[in-house]
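Below, each chain spelled out in residue letters.
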Amino acid sequence: MISLELGKSLESYVENLVKTGRYNSKSEVLREGLRMLQEREQQFAALDAVIMRGVAASDAGQGKNADEVFDRLQKKYGSMQDH
């Protein structure tokens with residue numbers, strides 16, 4: 001069992017979520033919050049991995065010139081805006 005202090009603002013928010021029927025209990029609210037936090041952390045880890053692959057590719061001479069990439073994207077999305 002975990003006991004924790006949320007502070008008045010968060011405690012009130014959790015109580016309101018239960019009172020309005022959005023969740024059945026305070027524990028359910030906290031579990032959902034932790035699941036969301038876990039998912040976000042997994043997304044950050046995946047993003048870090050993508051960044052590291054990009055850095056490794058750049059270090060190996062496989063990178064692309066940023067100005068060329070930005071010019072291409074600007075043309076692509078600029079033409080979408082004209083429609």
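For clarity, every value in this text was computed on a predicted model and none was experimentally measured. (Residues numbered from 1 in each chain as written. Predicted model: local features only at pLDDT ≥ 70, side-chain atom pairs only at ≥ 80, totals over all residues. Heavy atoms only, no water.)

A word on the overall build of the protein
Counting its secondary structure elements, the protein contains 3 helices and 0 strands. Walking the protein from its N terminus toward its C terminus, one meets helices and strands in the order α-α-α. Structurally, the protein occupies a C-alpha span of about 55 × 40 × 20 Å along its principal axes. The buried share of the protein, reckoned over its 83 residues, is 5%. Only carbon and sulfur atoms are counted for the fraction: they give 54% of the accessible area of the protein, which is about 7700 Å². Once the 12 positive and 13 negative side-chain charges of the protein are each reduced to a mean point, those two points are 5 Å apart. (Helix = DSSP H or I, 4+ residues; strand = E, 2+ residues; numbered from the N terminus. Buried < 20%, exposed > 50% of the residue type's maximum accessible area, 1.4 Å probe, protein only. Areas by Shrake-Rupley, 256 points an atom, 1.4 Å probe, with all protein chains shown as cover. Lys, Arg positive; Asp, Glu negative; His and termini not counted. Charge placed at Lys NZ, Arg CZ, Asp CG, Glu CD.)

Regarding the environment of D67
Note that D67 resides in helix α3 (residues 66-81). Owing to a relative accessible area of 55%, D67 belongs among the exposed residues under this scheme. When the C-alpha atoms of D67 and A57 are compared, they prove to be 17 Å apart, with 10 residues separating the residues in sequence.

Quick look at the confidence of the model for the protein
For the protein, the mean per-residue pLDDT works out to 89, and 95% of the residues sit at or above 70. Within the protein, the lowest mean pLDDT, 84, falls on α3, and the highest, 97, falls on helix α1 (residues 8-19). (pLDDT = per-residue confidence, 0-100.)

Considering α3
The first and last C-alpha atoms of α3 sit 22 Å apart over 16 residues, in line with the 22 Å expected at 1.5 Å per residue. For α3, a buried count of 0 out of 16 residues is recorded, marking the element as mostly open to its surroundings. (Expected span 1.5 Å × (residues − 1).)

A look at the environment of S3
Topologically, S3 is positioned in the segment before α1. Judged by its relative accessible area of 73%, S3 is exposed. Separated by 28 residues in the primary sequence, S3 and R31 place their C-alpha atoms 14 Å from one another.

Structural notes on the pattern of salt bridges
Tallying each qualifying case throughout the model produces 3 salt bridges. Measuring nitrogen to oxygen at the nearest pair gives 2.8 Å for the salt bridge that ties E11 to K26. Of this pair, E11 sits in helix α1 while K26 sits in helix α2 (residues 26-59); the two residues are 15 residues apart in sequence, bridging distant segments of the chain. Measuring nitrogen to oxygen at the nearest pair gives 3.6 Å for the salt bridge that ties E15 to K26. In this pair, E15 sits in helix α1 while K26 sits in helix α2, placing the two residues 11 residues apart along the sequence. Since its relative accessible area comes to 40%, K26 is described here as partly exposed. Each of E11, E15 and K26 takes part in one network of salt bridges that share partners. (Salt bridge = Lys/Arg side-chain N within 4 Å of Asp/Glu carboxyl O.)

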